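The chain contents come next:
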Amino acid sequence: MINPFRSIVGVDVLANELLSRHTSFHIGGKTRYLVKVYSHRALKKVLDIIRKQRIRYYVIGSGTNVLVSDKGFPGVIIKLYGIFRTMKKRGDIFYCGSGLSIEHLLQKAKGLGYGGAEFLAGIPGTIGGAIKDNAGAFGKSMAEIVIGVTVITDRVIISRLSNREIRFGYRQTKIKDGVVILSAELKLTRRKHWDITTEIRNNLAYRKQRQPTGYSAGSYFKNIKPYVAGKLIEDCGLKGLSVGDAEISRKHGNFIINRGHAKASDVLELAKIIKKKVKNIKGIMLKEEVKLLN
Ligand SMILES: Cc1cc2nc3c(=O)[nH]c(=O)nc-3n(C[C@H](O)[C@H](O)[C@H](O)COP(=O)(O)OP(=O)(O)OC[C@H]3O[C@@H](n4cnc5c(N)ncnc54)[C@H](O)[C@@H]3O)c2cc1C
């Protein structure tokens, strides 16, 4: 197949790109094309071609919440750069491109004397990825700071969704796969530099103390209220269990770590064992927070 995006200005196309290079798990086979998109005009053209040629596609941010199959993805992966990584502020509203990193937003907001997003400190990834599944921590989530988003559909139609229309839930929204978040309006509030710094530092220290380093996608399973997935896994005596190079962290039961050469199949097998054990011992069926891409 000849690269269908070759004539579009504002994209870089990587053919047969290994997705392990684009995920925090460092796992995943090749995609037919990874298209780096730098402008709105280019994104429209890319989606137009995808629609006309009926190609499968998927958008990723920093790939910190996805597990890509060992066989890879037989379609197009879209990654947003350029205009999608910029930010503007008007009053208390921060207009963020969806490809902007959370880290960048926090640093910028702090520099301007704005807080309200400190709960996100230490969550890797982009604003788009964080909104799609309502990322959160310390009892707060994106739902509390997002005013609205601008999206583009697979039919190349642009629209705005308000906070209510996004229908934020626990680690989920009503934004369908295939809909690309272009940008987001976030409402932050004036706060003393020292208070912002202290909260960010405390949150990062808490994470460092409780969460492992190493290749992972963060918490693998969702909490099932009132239960905490990591505690259920720990109570079942599963910490340290491994399949191939995939291991349940000894520090945090809900983190599956790639020790270096884990395959997606190892992670999936380990996840299956966890689900079975927790169901048998605790009577609770865990659900994946991490998205499987195959
Ligand atoms: C060490 C570690 C700690 C973590 N801690 C937390 C935590 O405390 N809380 C938490 O909620 N998560 C946590 N995560 C998970 C992850 O970082 C977040 O979910 C993050 O918001 C995902 O962003 P991303 O850009 O990497 O998204 P990806 O992993 O690239 O994508 C996630 C989903 O978002 C979609 N998506 C991405 N960008 C767009 C876009 N522009 N438009 C439409 N859809 C899009 C993808 O299609 C996919 O469905 C952690 C992960 C790691 C590795």
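These numbers come from a predicted model, not from an experiment.

Bringing the nonpolar core into the picture now. Side chains of a nonpolar character, in soluble globular proteins, are inclined to be buried together. V46, L67, I78, I256 and V267 are the most contacted members of the largest nonpolar core, which has 82 residues in total. A total of 6 residues in this core trace back to one element, the largest contributor, which is helix α7 (residues 264-282).

Neighbouring the ligand are 30 residues; G61, G125, G128, G129 and G218 lie closest to it. When residues of the shell around the ligand are traced back to their parent elements, those giving at least two are β3 (57-60), α3 (127-132), β9 (136-137) and β13 (180-187).

So, on to the sheet that holds strand β6 (residues 87-90). Across a sheet, paired strands are connected by hydrogen bonds in the backbone, their directions being either parallel or antiparallel. What the 5 strands build is an open sheet, ordered β6-β7-β13-β11-β12; its pairing is antiparallel. Two strands in the sheet have a free side with no partner beyond their single neighbour: β6 and β12 (158-162). Each strand axis lies, on average, 20 degrees off the axis of its neighbour in the sheet, ignoring direction. In terms of strand pairing, strand β11 (residues 146-152) meets β13 through 6 bridges, oriented antiparallel. Each bridged residue has a counterpart across the sheet, and for V149 the counterpart in β13 is A184.

Let us now look at the domain arrangement of the protein. With domains assigned, the protein is organised as domain 1 (11-82), domain 2 (86-209) and domain 3 (214-293). Across the contact, 15 residues belong to domain 1 and 15 residues belong to domain 2. Contributions of two or more residues to the side of domain 1 that touches domain 2 are made by α1 (40-52) and β5 (73-80). Per-element tally for the side of domain 1 that touches domain 2: the top contributor is α1, with 6 residues. Taken together, the residues that form the side of domain 1 that touches domain 2 break down as 6 nonpolar, 6 polar and 3 charged.

Time to look at the sheet that holds strand β2 (residues 30-37). Spatial ordering of the open sheet is given by β1-β2-β5-β3, a layout of 4 strands whose pairing is mixed. Sheet topology places β1 (11-18) and β3 at the edges, where each strand pairs with a single neighbour. Strand-to-strand twist of the sheet, defined as the mean angle between neighbouring strand axes without regard to direction, takes the value 25 degrees. Pairing of β1 with β2, which is carried by 7 bridges, proceeds in the antiparallel orientation. Looking at the pairing, V11 lines up with V37 of β2. Here α1 sits on the sheet and contacts β1, β2, β3 and β5; the angle it forms with β2, its principal contact strand, is near 150 degrees.

A word on the environment of R51. Of note, R51 is situated in helix α1. The spacing of R51 and V156 is 105 residues in sequence and 8.5 Å in space, taken between C-alpha atoms. For R51, the residues in contact, after removing those within four places along its chain, are D154, R155 and V156.

One can find T173 in the loop between α4 (163-166) and β13. In this structure the C-alpha to C-alpha distance between T173 and M87, which are 86 residues apart in sequence, comes to 23 Å.

The next subject is helix α2 (residues 102-111). Every buried residue of α2 is accounted for by I102, L105, L106 and A109. Viewed end-on, α2 has its buried residues packed into an arc of 95 degrees, placing them on one side of the element. Pointing more than 90 degrees away from the buried face of α2 are the exposed residues Q107 and G111. Where the residues of α2 are buried, they touch β6, β7 (93-97), β8 (114-115), α3 and α5 (193-210). After α2 finishes, the residue G113 shows a positive phi value of roughly 80 degrees.

This brings us to unusual backbone geometry. Note that the residue after K225, namely P226, is joined by a cis bond; omega there is 5 degrees. Topologically, P226 is positioned in the loop between α5 and α6 (229-235). Positive phi values are uncommon outside glycine, yet R54 reaches one of about 50 degrees. Assignment of secondary structure puts R54 in the loop between α1 and β3. The backbone of V156 sits at a positive phi, close to 65 degrees, despite the residue not being glycine. Along the chain, the position of V156 falls in the loop between β11 and β12. A residue is classified by how many C-beta atoms lie within 10 Å of it, and V156, with 15 of them, is partly exposed.

Quick notes on the rules
- Residues numbered from 1 in each chain as written.
- Predicted model: local features only at pLDDT ≥ 70, side-chain atom pairs only at ≥ 80, totals over all residues.
- Core = buried A, V, L, I, M, F, W, Y, C linked by C-beta atoms within 7 Å.
- Buried ≥ 20, exposed ≤ 12 C-beta atoms within 10 Å, placed from the backbone.
- Helix = DSSP H or I, 4+ residues; strand = E, 2+ residues; numbered from the N terminus.
- Near = placed C-beta within 6 Å.
- Pairing = 2+ DSSP bridges.
- Axes fitted to C-alpha atoms, helices over the stretch in contact; angles between N-to-C directions.
- Domains from an automatic or database assignment.
- Contact = placed C-beta atoms within 7 Å.
- Nonpolar A, V, L, I, M, F, W, Y, C, P; charged D, E, K, R; others polar.
- Arc of directions from axis to C-beta.

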